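Each chain is listed here by its residues.
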Amino acid sequence: MGTDLHEVLRSLRVWDPEVTELPPFDPDAAPAEPLELFTAWFAQAAAAGEREPHTMTLATVDEEGLPDARVVMLHGADDRGWAFATHATSRKGRSLAARPYAALTFYWPVLGRQVRVRGPVAVAPPEEARTDLRVRSTGALAAALTGRQSEVLGSTAELAAASEAAWERARQDPSAEAPTWTLYRLRAEAVEFFQGEERRRHVRLRYRREDGGWVTELLWP
């Protein structure tokens, strides 16, 4: 007998106090720029036990105007933008080439927090992409060397053979290059910080870029 999806849904509890601590958030005490607050929240999520705080949903739109979303890893965030990487030939790479604008969403349920970032995306210089790949793990390099991301796969055996060859190359040559590996940076035009609250009086603080600086505004939950 199959699983009843709705029964499972009804059994779930949002932000169970046994496993979730909803910290207070005073928007009046927030810093003037979003990167500082993001860095603090990121560190707090990691310290609170969020296992993969660097994972984020990347949303793009393709050349036909159709949206798509997937989970990727944050590779850094600084004054130049929020960085992530993928193959330029992948589906998301092709979408970004056609429409270089995207949105990111971080969700840290252990603290009841979300961060949403939106803005134009630019390609970093190739040498930065090469450096980014060299500092990652052997497995990450092997995955990049396997390539062909988003193409139709004939069989899992085909993938296994290509992956084994890529792992061997990555072990023997840690500086091997993956020509289509590309580092992207999203320059934020808007960044929203969401803090959940037990009585559903959630705090939403949005930073919006204006005239070269940032303005902040509260949003209804």
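Preceding this paragraph is the structure being described.
Our subject in this report is the structure included herewith. Not measured: the values here are computed from a predicted model. (Residues numbered from 1 in each chain as written. Predicted model: local features only at pLDDT ≥ 70, side-chain atom pairs only at ≥ 80, totals over all residues. Heavy atoms only, no water.)

Considering the nonpolar core
- Formed by 30 residues in total, the largest nonpolar core has its most connected members in Trp82, Phe106, Val115 and Val117.
- Within the residue set of this core, elements represented by two or more residues are α2 (34-47), β1 (55-61), β4 (81-87), β5 (101-108), β6 (113-123), β7 (181-186), β8 (190-195) and β9 (203-210).
- It is α2 that provides the largest number of residues to this core, a total of five residues.
- Counting 15 residues, the second-largest nonpolar core is a separate cluster that includes Ala85, Ala129, Leu133 and Leu145. (Core = buried A, V, L, I, M, F, W, Y, C linked by side-chain atoms within 4.5 Å. Buried < 20%, exposed > 50% of the residue type's maximum accessible area, 1.4 Å probe, protein only. Helix = DSSP H or I, 4+ residues; strand = E, 2+ residues; numbered from the N terminus.)

Some words on helix α3 (residues 91-98)
- Every buried residue of α3 is listed here: Lys92, Gly93, Ser95 and Leu96. The buried residues of α3 occupy one face: seen down the axis, they fall within an arc of 160 degrees.
- For α3, the elements touching its buried residues are β1, β2 (67-73), β4, β5, β6 and β7. (Arc of directions from axis to C-beta. Contact = heavy atoms within 4.5 Å.)

Some thoughts on the pairing of β2
- In this structure, β1 lies alongside β2, joined through seven bridges in antiparallel fashion. Of the residues in β2, the one forming a bridge with Met56 is Val72.
- In this antiparallel pair of consecutive strands, β1 and β2, the connection spans five residues, and Gly65 shows a positive phi of 85 degrees. (Pairing = 2+ DSSP bridges.)

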